[in-house]
Amino acid sequence: QLQLVESGGGLVQPGGSLRLSCTASGGTLDSYAVGWFRHAPGKEDEGILCFITHDDDTHYEDSVVGRFTIFRGSTKNTVFLQMNGLKPEDTAAYYCAAIDASTMTPLSRDWGQGTQVTVSS
């Protein structure tokens, strides 16, 4: 079965940048639409943050438009999230998932470990 592992998070100052990786095992990502989600304790869950389709169309939630970029790596098993101009409100655990692009929902609720992004001065 497809398993995804997130990496690349860390602590950065406001305005800084991070590049997150979503790496697949048990399959490749080129056959899937892939999205990024995030969750912060104490905050209401939000929907999908951004996603890339099978045809490599990309879509972004308004709060990250112009700051975040989702793209596929040169190999078939990796999707990246480049995050620039980070804000404190971006602080959260970030997760990737194969999604149904028509509903913007994960194909499975078997989340990976996620990667923590903390934006603080």
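Preceding block: the structure.
Attention in this report is confined to the structure presented alongside it. (Residues numbered from 1 in each chain as written. Predicted model: local features only at pLDDT ≥ 70, side-chain atom pairs only at ≥ 80, totals over all residues. Heavy atoms only, no water.)

Let us look at the state of the cysteines. In the structure shown here, the tally under the stated rule is 1 disulfide. Note on cysteine connectivity: Cys 22 is disulfide-linked to Cys 96, with sulfurs 2.1 Å apart. One disulfide, between Cys 22 and Cys 96, carries an S-S torsion of 80° and so falls in the right-handed class. Of this pair, Cys 22 sits in strand S3 (residues 18-25) while Cys 96 sits in strand S9 (residues 92-100), and the two are 74 residues apart along the sequence. Per residue, the accessibility class of Cys 22 equals that of Cys 96, and both read buried. We note that Cys 50 lacks a disulfide partner, and the nearest cysteine sulfur, in Cys 96, lies 10 Å from it. (Disulfide = S-S within 2.5 Å. Helix = DSSP H or I, 4+ residues; strand = E, 2+ residues; numbered from the N terminus. Buried < 20%, exposed > 50% of the residue type's maximum accessible area, 1.4 Å probe, protein only.)

This part takes up the packing of aromatic side chains. If you walk through the whole model with that rule in mind, you get 3 aromatic pairs. Here a set of aromatic residues connected by ring pairs shows up, and it is made of Phe 37, Tyr 95 and Trp 111. Between the NZ or CZ atom of Arg 19 and the centre of the ring of Phe 80, over which it lies, the distance is 4.0 Å. (Phe/Tyr/Trp six-rings, centres within 6.5 Å; stacked < 30°, edge-to-face > 60°. Lys NZ or Arg CZ within 6 Å of the ring centre and 35° of its normal.)

Position of Gln 116 relative to the elements: it lies in strand S11 (residues 115-119). Aside from chain neighbours lying at most four places away, what touches Gln 116 is Gly 9, Gly 10, Thr 91, Ala 92 and Ala 93. A polar side-chain atom of Gln 116 sits 3.5 Å from a polar atom in the side chain of Thr 118. (Contact = heavy atoms within 4.5 Å. Polar contact = N/O pair within 3.5 Å; in protein donor to acceptor, adjacent residues only side chain to side chain.)

Moving on, we come to the side chain of Arg 38. Inspection of the secondary structure puts Arg 38 in strand S4 (residues 33-39). A distance of 2.8 Å separates polar atoms of two side chains, one belonging to Arg 38 and the other to Tyr 94.

Take it as geometry only, folks, not as evidence of what the structure does.
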